[in-house]
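Topology and contacts: notes
Below are the chains, spelled out letter by letter.
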Amino acid sequence: MFRFLPVAVLLVSVQAVAYDGLEADFATCTQSNDSGAVVSACTRLIDNAAVENSVTGMFYGLRAANNTDAAQNCADAKKSLALAEDATIKSLSQQLIDQNC
């Protein structure tokens, strides 16, 4: 869903506390087809973010798009919408809100 963003550019702009597995989690969160793995990786990226910005918002959106918990998806999609700067991400976040809230 959000996979249209260039991963290399995003990886440079992620302001996360460095932790073992950061690059692997980023790749999984943004590129995996395994929903459970995406949710886990995105959660670790969110939990380790030094600041909340548009990239963190993308992680919230990806987690919402891959999770099965409607209440969590609603909260994540709202967070993604609040942090998004890109019109396409805002639109996709709104779609997730409409589906889950």
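For the structure itself, look to the data block above.
What counts as what
- Counting restarts for each chain: residues are numbered from 1 in the order of the written sequence.
- In keeping with the predicted nature of the model, local features appear solely for residues at pLDDT of at least 70, side-chain atom pairs appear and are counted solely at 80 or more, and the whole-chain, interface and lining totals rest on all residues.
- Only hydrogens and water are set aside when side-chain values are computed; all heavy atoms of the structure are taken into account.
- Secondary structure elements are taken from DSSP: a helix is a run of H or I of four residues or more, a strand is a run of E of two residues or more, and numbering for both begins at the N terminus.
- Think of it in three bands: with a 1.4 Å probe and only protein chains considered, a residue is buried below 20% of the maximum accessible area for its type, exposed above 50%, and partly exposed in between.
- Here, two residues are considered to be in contact whenever any of their heavy atoms come within 4.5 Å of each other.
- Accessibility throughout is a Shrake-Rupley quantity obtained with a 1.4 Å probe, and a residue counts as covered only by protein chains that appear here.
- The definition of a nonpolar core used throughout is a set of buried Ala, Val, Leu, Ile, Met, Phe, Trp, Tyr and Cys residues joined through side-chain atoms within 4.5 Å.
- By definition, disulfides here are pairs of cysteine sulfur atoms that lie within 2.5 Å.
- For this quantity, the arc is that covered by the directions from the helix axis to the C-beta atoms.
- Lines fitted to the C-alpha atoms define the axes, with helices restricted to the stretch that makes contact. Angles between their N-to-C directions range from 0 to 180 degrees.
- Angle categories: roughly parallel below 35 degrees, roughly antiparallel above 145, roughly perpendicular from 65 to 115, and oblique for all the rest.
- By definition, any crossing whose near helix is turned counterclockwise from its far helix by less than a right angle is left-handed, and any crossing with a clockwise turn is right-handed.
- Classification convention: Asp, Glu, Lys, Arg as charged; Ala, Val, Leu, Ile, Met, Phe, Trp, Tyr, Cys, Pro as nonpolar; all other residues, Gly among them, as polar.
- A pair is scored as a salt bridge if a Lys or Arg side-chain nitrogen falls within 4 Å of a carboxyl oxygen belonging to Asp or Glu.

On to the overall build of the chain, then. Along its length, the chain carries six helices and zero strands. Listing every helix and strand of the chain by position from the N terminus yields α-α-α-α-α-α. Relative to its 101 residues, the chain shows a buried fraction of 41%. Put simply, of all contacts in the chain between residues at least 6 apart along the chain, 55% involve residues at least 24 apart. Of the roughly 5,100 Å² of accessible surface on the chain, a fraction of 51% belongs to carbon and sulfur atoms.

One finds Cys-29, Cys-42, Leu-45, Met-58, Phe-59 and Leu-62 to be the most contacted residues of the largest nonpolar core, which totals 15 residues. Mapped by element, the contributors of at least two residues to this core are α2 (22-31), α3 (35-47) and α4 (54-66). Among all residues touching Cys-29, those that are not within four sequence positions of it are Val-38, Ala-41, Cys-42, Leu-45, Phe-59 and Leu-62.

Each disulfide consists of a covalent bond between the sulfur atoms of two cysteine residues. In this structure the tally under the stated criterion is two disulfides. Each sulfur of the disulfide joining Cys-29 and Cys-42 lies 1.9 Å from the other. In this structure the cystine formed by Cys-29 and Cys-42 twists about its S-S bond by roughly 95°; its chirality is therefore right-handed. You can see Cys-29 sitting in helix α2 and its partner Cys-42 sitting in helix α3, a full 13 residues away along the chain.

Among the residues of α2, Leu-22, Asp-25, Phe-26, Cys-29 and Thr-30 are the ones counted as buried. On an axial view of α2, the arc spanned by its buried residues comes to 115°, and they lie on one face.

Glancing now at the packing of helix α5 (residues 70-83) against helix α6 (residues 87-100). Helix packing geometry: the angle between the two helix axes and the distance between the axes. Contact pair α5 / α6: the axes reach a minimum separation of 8 Å and the direction vectors enclose 155°. As judged from the angle between their axes, α5 and α6 are roughly antiparallel. The handedness of the crossing between α5 and α6 comes out as left-handed. In this structure, α5 contributes Ala-70, Asn-73, Cys-74, Ala-77, Lys-78, Ser-80 and Leu-81 to the contact, and α6 contributes Ile-89, Lys-90, Ser-93, Gln-94, Leu-96, Ile-97 and Asn-100. Looking at the contact of α5 with α6 residue by residue, the classes come out as seven nonpolar, five polar and two charged.

Further remarks concern the pattern of salt bridges. All chains considered together, the criterion is met by three salt bridges. Among the ionic pairs, Glu-52 bridges to Lys-79, the shortest N-O distance being 2.8 Å. Taken together, the positions of Glu-52 in the loop between α3 and α4 and Lys-79 in helix α5 put the pair 27 residues apart, joining distant regions of the chain. Ionic pairing is found between Asp-76 and Arg-63, a salt bridge with its closest N-O pair at 2.7 Å. With a gap of 13 residues between them, Asp-76 in helix α5 and Arg-63 in helix α4 connect regions that are remote in the sequence.

What follows deals with the side chain of Ser-80. Within the element layout of this structure, Ser-80 appears in helix α5. Looking at Ser-80, the relative accessible area reads 0%, which means it is buried.

Note that every value here comes from positions in space, so none of it alone points to a role or purpose.
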